[in-house]
Structure formats: C-alpha cells, structure tokens
Amino acid sequence: MLLNDKIAVITGGAGLNGLGYATARQMAAHGARVVILDLARAEPAAAAARLGEGHLGLVADVTDKDACAQAAAAVLKAFGRIDILVNNAGITQPVKTLEITGGDYDRILDVNLRGTLYMSQAVLPAMAERKQGSVICISSVSAQRGGGIFGGPHYSAAKAGVLGLARAMAREFGVQGIRINCITPGLIETDITQGKLTPDKKAEIAETIPLARLGRADDVAGACVFLASDLAAYCTGITLDVNGGMLIH
Ligand code: NAD
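Residues numbered from 1 in each chain as written. Predicted model: local features only at pLDDT ≥ 70, side-chain atom pairs only at ≥ 80, totals over all residues. Heavy atoms only, no water.

Draft legend 1. How the structure looks around helix H3 (residues 65-79). Helix length check: H3, at 15 residues, gives a terminal C-alpha distance of 21 Å against a target of 21 Å (1.5 Å per residue), a fit within 8%. Three or more residues of H3 are buried, namely Ala67, Cys68, Ala71, Ala72, Val75 and Phe79. In an axial view of H3, the angular spread of the buried residues amounts to 135°, which keeps them on one side of the axis. Among the exposed residues of H3, those pointing more than 90 degrees away from its buried face are Asp66, Gln70 and Lys77. Where H3 is buried, its residues meet strand S1 (7-11), strand S2 (33-38), strand S3 (56-59) and helix H4 (102-130). Once H3 finishes, Gly80 follows within two positions and takes phi at roughly 85°, a positive value. (Helix = DSSP H or I, 4+ residues; strand = E, 2+ residues; numbered from the N terminus. Expected span 1.5 Å × (residues − 1). Buried < 20%, exposed > 50% of the residue type's maximum accessible area, 1.4 Å probe, protein only. Arc of directions from axis to C-beta. Contact = heavy atoms within 4.5 Å.)

Below, the structure is given as structure tokens:
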C-alpha cells in the first residue's frame, strides 16, 4: 500500500462521480485516512461514510478563508497531522469571452484559484512543522491549450493561475520538505459537464484523442496517488498531464 496511515484531505470530494471521490476511494484503498471537504449540499459526511470506517467528511467552502482554516484545524484535532492535500474543488462555465460577466469571473476564479490558495494556506503550516507533505492541485488541459472543450476563457485563466500558484508554492516550500504538483486532466466524464455532452459529441471528441476515449475519474485518481506517494519523492513543481494524448507537448 502506497499511502499507509497517511492523512489525506480532498476538497470537492463528495460527488460520487467526480475526480475527488475517485481519488478518495483510491487513497483509502492504499491505506490513507481520508477527509472529504465539500459544500453542505454535496453531503461530505455521507460520502466519507461510504469509504468505510475511519474517514471524515466536513463542510467547507474553499472560497471562505475562515472555513478552510477551521476545516484544517478540525482535521488536525481528529488525526494530529495532514500529509496530503488535493485541491480538487472546481467549477466551470461554458461561455465565450464577450459573455463573461464580472460575477461569472468572480465565481470561477474564486472556487478554482482562490480556493486553491486558501486551502493550501490552511494546511501548509502544519506540514512545514513536520517537514513533510504533498499538495496536489487539479488544473486542466484548458490552461495549457487555451480552452478545453467545455470551460470558458475565465476557466482557462483560473486553471492557468493554479499552475503558476502551485509552481511558486513548490519553490517556496521545497526546503520545508513539502512537494507541490499539478495534474492537468483532459476531458474526464464526471458531473461537471452536467449532461451537456451528447453521446454523438462524445464520440466525435474521442476520435480526436490518441487513446481514443474520454478520461475516467480513476485515471486522474491514480495520478493523485502517485504524486501523493513516495514514488514521487523527487517530483515537485511538475505538471502531470492525464489527457489520453489530447495535448502532447
Ligand atoms: P464535479 O463537479 O464532479 O466536482 C467538483 C466538486 O467541487 C463538487 O463536489 C462540488 O460540490 C465541489 N465544489 C464546488 N464549489 C465548491 C466550493 N466553493 N467549496 C468546496 N467544494 C466545492 O467535477 P469534476 O469533474 O470531478 O472536477 C474536479 C476538478 O477537476 C475541478 O477542479 C475541475 O475543474 C477539474 N477538471 C475536471 C475535468 C473534467 O473533464 N471533468 C477536466 C479538467 C479539470
């Protein structure tokens, strides 16, 4: 088991079809104790209970700095340490540049980018104290190729911001034994597209992908387990593409 007795915090992990929950499942299978953070409506406690005994689910909106700090404090109280943080909470919106309102911009940037900063700020001091930790930030192929298939330009900007933030944090915290890396998923079948991709459209997209299929949540979860584990002990500041070859660069 790659993550025996590690304490892993995963934001936005309660959606049973999402990347976060798949990561929670795989990390638990590798021996980690998992804390799922999510909005109240996503019922994080119920999602954590589905993982089995010894896991925890807490309500935390990552756009709220106090809520992030309170969640980290609750994890430290319950388990005494935090070894892994997966900054996975994210939202998207399929609009074009000229349609983006100020409110849209705030919402998309706040969850994807501000949330990554706030939650990292909440756990880094405790990781630094123990001189170890792994932070994984979920960006997107959309940051690299200037738009994915679904998200608008503000989403690309937010996810490109995540890449910059993670790399800068990796430089700052490496000396304290903390590794900080990004994953850039391609198009993965989850609830984020809210049923807006028809079977025909999916087949059309699959034809353009070298591995000839859309991604599965477990494809990304496996990459998270790798980056969280000692197998990735000398990896920091990297961007790991999990996109089936959609972008080869
Ligand atoms: P999803 O919609 O299934 O999961 C997102 C989760 O984030 C949900 O559980 C939601 O409740 C939670 N969330 C939303 N706002 C939050 C907030 N303010 N605080 C805490 N939690 C919040 O989507 P997914 O496809 O599993 O996406 C997971 C991550 O992967 C996101 O960051 C997304 O941008 C990224 N991503 C997804 C794809 C894809 O194709 N599915 C591709 C690239 C990147």
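The rest of the description comes next.
Draft legend 2. Fine view of the pattern of salt bridges. The tally for this structure, following the rule as stated, stands at 8 salt bridges. Among the salt bridges present, the one from Arg25 reaches Asp218, with a minimum N-O distance of 3.8 Å. Here Asp218 lies in helix H8 (residues 217-228) and Arg25 lies in helix H1 (residues 19-29), a separation of 193 residues in the sequence. Taking the shortest distance from any N to any O, the salt bridge between Lys201 and Glu204 comes out at 3.5 Å. With a gap of 3 residues between them, Lys201 and Glu204 both fall in helix H7 (residues 199-206), about one helical turn apart. Residue Lys201 is classed as partly exposed on the basis of its relative accessible area, which comes to 33%. On the accessibility criterion, Glu204 (48% relative accessible area) is partly exposed. (Salt bridge = Lys/Arg side-chain N within 4 Å of Asp/Glu carboxyl O.)

Draft legend 3. Spatial organisation of H4. Taking 1.5 Å per residue, 29 residues should reach 42 Å; H4 reaches 41 Å between its end C-alpha atoms and fits that length. A bend of about 45° at Asp110 is the largest found in H4. Of the residues flanking the end of H4, it is Lys131, one or two places downstream, whose phi is positive at about 55°. (Bend = angle between axes of the 7 residues up to and from the residue.)

Draft legend 4. How the structure looks around the site of the ligand. The environment of the ligand is made up of 29 residues, and the closest members are Asp38, Asn88, Tyr155, Ile188 and Thr190. Interatomic distance of 2.8 Å between a backbone N/O atom of Leu19 and an oxygen atom of the ligand. Contact between the ligand and Ile188: an oxygen atom at 2.8 Å from a main-chain N or O atom of the residue. When the free accessible area of the ligand is taken as 830 Å², the share hidden by the protein chains comes to 91%. The cavity where the ligand resides is the largest pocket. When contributions to the shell around the ligand are tallied by element, the ones reaching two or more residues are H4 and helix H6 (153-173). (Near = heavy atom within 4 Å. Polar contact = N/O pair within 3.5 Å; in protein donor to acceptor, adjacent residues only side chain to side chain. Areas by Shrake-Rupley, 256 points an atom, 1.4 Å probe, with all protein chains shown as cover. 1 Å grid on protein atoms, 1.4 Å probe; cavity = no way out; pocket = protein on both sides within 12 Å on 5 of 7 lines; lining within 4 Å. Sits in = over half its atoms within 2 Å of the grid points.)

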